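# Structure assessment
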Amino acid sequence: MDTSIAPPDLIGRPPGEDSMLTSPALIAIDYIAPPPQLAPFVTTLYHFRCDEPMIRDIQPASIGNLCLFPHGTGEMQFAQGHRDPNPPIGLMTPLSRATPIVVDGPFHAFGAALTPLGWAALTGLHAGQYRDRLLPASTLLGPAINEIGERLLADYREGALSGRDCARAVGDFIAQNLKPINPRHLELIAATGRWLAASFNPDVSALAGVAGYSARQVQRLVERYFGLPPRALARKYRALRAAALLSAPLLSLQDEAEIAEAFFDQPHMIREIAHFVGRTPARLSDPSTPYLSEMIGARNLRELNP
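Parameters at a glance
Residues numbered from 1 in each chain as written. Predicted model: local features only at pLDDT ≥ 70, side-chain atom pairs only at ≥ 80, totals over all residues. Heavy atoms only, no water. Salt bridge = Lys/Arg side-chain N within 4 Å of Asp/Glu carboxyl O. Helix = DSSP H or I, 4+ residues; strand = E, 2+ residues; numbered from the N terminus. Buried < 20%, exposed > 50% of the residue type's maximum accessible area, 1.4 Å probe, protein only. Polar contact = N/O pair within 3.5 Å; in protein donor to acceptor, adjacent residues only side chain to side chain. Contact = heavy atoms within 4.5 Å. Expected span 1.5 Å × (residues − 1). Pairing = 2+ DSSP bridges.

Summed over the entire model, instances satisfying the criterion amount to eight salt bridges. We note a salt bridge from Asp30 to Arg49, for which the minimum N-O separation is 3.1 Å. Here Asp30 is found in strand β1 (residues 28–32), whereas its partner Arg49 is found in strand β2 (residues 42–50), with 19 residues between them in sequence. Taking the shortest distance from any N to any O, the salt bridge between Arg131 and Glu223 comes out at 3.2 Å. Taken together, the residues span a long stretch of sequence, with Arg131 in the loop between α1 (116–123) and β8 (134–136) and Glu223 in helix α6 (residues 215–226) at a distance of 92 residues. Several salt bridges converge on common partners, so that one network encompasses Arg235, Arg238 and Glu272.

Relative to the assigned elements, Thr99 resides in strand β7 (residues 99–114). We classify Thr99 as buried; its relative accessible area is 2%. Within the structure, the side chain of Thr99 is placed 3.1 Å from the backbone oxygen of Arg97, a separation counted as a polar contact. Every residue in contact with Thr99, bar those within four places of it in the chain, is listed here: Asp57, Ile58, Gln59, Met76, Gln77 and Phe78.

A word on helix α4 (residues 163–176). Under the 1.5 Å per step criterion, the end-to-end length of α4 is 20 Å for 14 residues, consistent within 8% with the ideal 20 Å. For α4, the complete set of buried residues consists of Gly163, Cys166, Ala167, Ala169, Val170, Gly171, Phe173 and Ile174.

With that out of the way, let us pick up the environment of Pro230. Its place among the elements puts Pro230 in helix α7 (residues 230–247). When its relative accessible area of 1% is taken as the criterion, Pro230 is described as buried. As for Pro230 and Ser205, which are separated by 25 residues in sequence, their C-alpha atoms are 9.6 Å apart. Leave out the neighbours within four places in its chain, and Pro230 touches Trp195, Val204, Leu207, Gln219 and Val222.

Let's shift gears to the pairing of strand β4 (residues 65–77). Counting buried positions over the 13 residues of β4 gives ten, a clear majority of the element. Alignment of β4 against strand β6 (residues 89–92), held across four bridges, turns out to be antiparallel. Bridge assignment links Leu66 to a residue of β6, and that residue is Leu91. In the sheet, β4 pairs with β7 via nine bridges, with the strands oriented antiparallel. Bridge pairing in β7 places Leu68 opposite Phe110. Inspection of the sheet shows β4 paired to strand β5 (residues 83–85) by three bridges, in the antiparallel sense. Following the sheet pairing, Met76 is matched in β5 by Asp84. Linking two consecutive strands that pair antiparallel, namely β4 and β5, is a turn of five residues; a positive phi of about 110° is found at Gly81 within it.

See the structure below:
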């Protein structure tokens, strides 16, 4: 039985039914490594396809995506109660938790997944104040994204450009529109990544004094760049790190012990992973879910490898 977790209103059925989410076997996705100069800002470029008439999936908590949709219309259903339709040229802001997606297919998308540094350098916006939205990209990035985005959408629909080429063009747009970041803030972003990677439950007090900032300043700046204050951010990445390990083909005894130590008990672990990833641990290692495994794979948790 599929034990995936999603809000019951996703399709009006209780969680755990096999028919809740689109079968991963029907989804194709290509991941394209960004060029080295773009790698600090972009986790991965991608091209997503699913030709089913209705697609239901869950986006794990993440930093942000510049995403273009040549085919398919639908919406993201946020826990706060609002629903954002997918604009043809969209910017998904940092997500604080796993978020359901419902789309009338066929559904094709290409774009770039951003790192915390990438979100800041591309948008210049406070990640915490803009979190949990899917917005027309031009409202945050200006009209230039529409000019290139509309051309890419047309070329994709006409077959003049492949999805990979379109994704690389999105990467080129990002590279050409990055803004400089305060060097002290860069130091704080890197230190926060090291702090998150050091432990499943890092001590918030360890961030005090980073880059010469007070504890209160660190709280504000971490939320500005990562979308959540330190304690909530650590909770999010505890779940994402545990999910990444549990999705691997082999789990070492040491990793298993560290995961067990990181949570109060097994029900707590299940709730936290479901909250931030949208699946229960039983589904994470399922070989039929390569898309999910890639999205939460360790190499895509760039925040932990600054």
